[in-house]
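Secondary and tertiary structure notes
Now for the letters of each chain:
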Amino acid sequence: MAEAQSNHLLVETPLLRVFDVTCRERRSGYGAVELNRVAQIALPRRGVFLLERRGQEVVVDPTVAVLLATDDEYRIGHPSDDGDGGIVLAMATDVLEEALGTVGGGTGRLSADDQFAVFVLTHTLRASGNDALETEDAVLLLAARLRPAFTRPEPCPIGPAQRRRIARAQTLLASAPAERWDLRTLARRVDCSPFHLARQFRAVTGETVSRYLLRLRLSLALERLAQGERDLAALALDAGFAHHSHLTARFGAVFGMTPAQARDALTKRSLAELRTILAN
């Protein structure tokens, strides 16, 4: 989508393609308008970028899925210097419509289970020698489980000024999730009272500020665990957790497993096991 971007083709079959995308773009405003040629779902794993589509700006981070329709026009902006990365699922419009129930484009909020499934699928597909039919099956199962993200109603309506404020708050948190944030500091940065920020943030995102930040930090941890990280004490501190036990407790509460179990799931999965995860 942008300059300084690498697209690694993980899967190519007559039915679909999957790309592992890494963007190293430095902090910048919106780039030129781009035209999307193939219906696709973008699923970030780390970092944050801004998407302007049909006159609306969306903060895209690991809690968000993006559906771009054929012939969608959009622009991308980069609010931090750390870049971003994720996977893109590209497939024929009719196939995507059967999976999602829509191909009109838009964004959806991922559940924690969906978030974990994106990591597992990515790192399973990175292994060589996967059977084409099994791969297609797994990718389409993931697309199907994303259907609620694009079809569930939006949280309660809120005005454009308040939405811009919450977008700024999301951008700040997603650009530095490991920082020690508190509600008063964040509210001051977006010119709002802590009470109104907390209320409006939940109205726009469907989550509390603390839950949103937790999921961003868990994405940092998942990315490291997928690379085989074994020093959980260092990982906890790098991802913004107070200590090893804090990280373990939050993993259990959100994903129902320990970090070590998550590492095993991410590094040792086969496509057959992955289908079981995605079908649940």
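Before any of the text, the structure's been laid out above.
What comes next is a walk through the structure.

The pairing of strand S1 (residues 5-12) with strand S2 (residues 16-23) spans seven bridges and is antiparallel. Note that in S2 the partner of Gln5 across the bridge is Cys23. Two successive antiparallel strands, S1 and S2, enclose a turn made up of three residues.

Here we take up the packing of helix H2 (residues 112-125) against helix H3 (residues 132-145). Direction vectors running N to C along H2 and H3 enclose 160°, while the axes themselves pass 11 Å from each other. The pairing of H2 with H3 is recorded here as roughly antiparallel in orientation. The crossing of H2 and H3 is left-handed. Within the contact between the two elements, H2 uses Asp113, Asp114, Ala117, Leu121 and Leu125 and H3 uses Thr135, Ala138, Val139, Leu142 and Arg145. In terms of residue class, the contact of H2 with H3 is made up of six nonpolar, one polar and three charged.

A few words on the side chain of Glu207. Summarising the element assignment, Glu207 is placed in the loop between helix H7 (194-205) and helix H8 (209-226). Among the residues examined, Glu207 registers a relative accessible area of 11% and is labelled buried. Separated by 2.8 Å, the side chains of Glu207 and Arg215 make a polar contact. Setting aside chain neighbours within four positions, we find Glu207 in contact with Phe201, Arg202, Tyr212 and Arg215.

A separate point is helix H5 (residues 160-175). Over its 16 residues, H5 extends 22 Å from the first C-alpha to the last, a length consistent with the 22 Å expected when each residue adds 1.5 Å. Burial in H5 covers these residues: Arg165, Ile166, Ala167, Ala169, Gln170, Thr171, Leu173 and Ala174.

A word on the pattern of salt bridges. Inspection of the entire model under this criterion finds 12 salt bridges. For Arg26, the salt bridge goes to Asp81, with nearest N and O atoms at 3.9 Å. Of the two residues, Arg26 sits in the loop between S2 and strand S3 (34-35) while Asp81 sits in the loop between strand S8 (73-77) and strand S9 (84-91), which places them 55 residues apart along the sequence. For Asp81, a relative accessible area of 31% gives the class partly exposed. Between Arg211 and Glu207 there is a salt bridge, with its nearest N and O atoms 3.9 Å apart.

Below, the discussion takes up the packing of H8 against helix H10 (residues 244-255). At their nearest, the axes of H8 and H10 sit 11 Å apart, and the two run at 105° to each other. The angle between H8 and H10 falls in the class roughly perpendicular. When H8 is examined against H10, the residues Arg211, Leu214, Leu218, Ala221, Leu222 and Leu225 are found in contact with a partner set consisting of Leu247, Arg250, Phe251, Val254 and Phe255.

Before going further, it helps to examine the sheet that holds strand S4 (residues 40-47). Spatial strand order, S1-S2-S9-S4-S7-S10: six strands in an open sheet with antiparallel pairing. Every other strand in the sheet has two partners, leaving S1 and strand S10 (106-109) as the edge strands with one partner each. Each strand of the sheet is rotated relative to its neighbour by a mean of 20°, with strand direction disregarded. Two strands pair when backbone bridges link them, and S4 and S9 are joined in this way by seven bridges, in the antiparallel orientation. Across the sheet, Pro44 pairs through a bridge with Gly86, a residue of S9.

Conventions used here
Residues numbered from 1 in each chain as written. Predicted model: local features only at pLDDT ≥ 70, side-chain atom pairs only at ≥ 80, totals over all residues. Heavy atoms only, no water. Pairing = 2+ DSSP bridges. Helix = DSSP H or I, 4+ residues; strand = E, 2+ residues; numbered from the N terminus. Axes fitted to C-alpha atoms, helices over the stretch in contact; angles between N-to-C directions. Parallel < 35°, antiparallel > 145°, perpendicular 65-115°, else oblique. Left-handed = near helix turned anticlockwise from the far one by under 90°. Contact = heavy atoms within 4.5 Å. Nonpolar A, V, L, I, M, F, W, Y, C, P; charged D, E, K, R; others polar. Buried < 20%, exposed > 50% of the residue type's maximum accessible area, 1.4 Å probe, protein only. Polar contact = N/O pair within 3.5 Å; in protein donor to acceptor, adjacent residues only side chain to side chain. Expected span 1.5 Å × (residues − 1). Salt bridge = Lys/Arg side-chain N within 4 Å of Asp/Glu carboxyl O.

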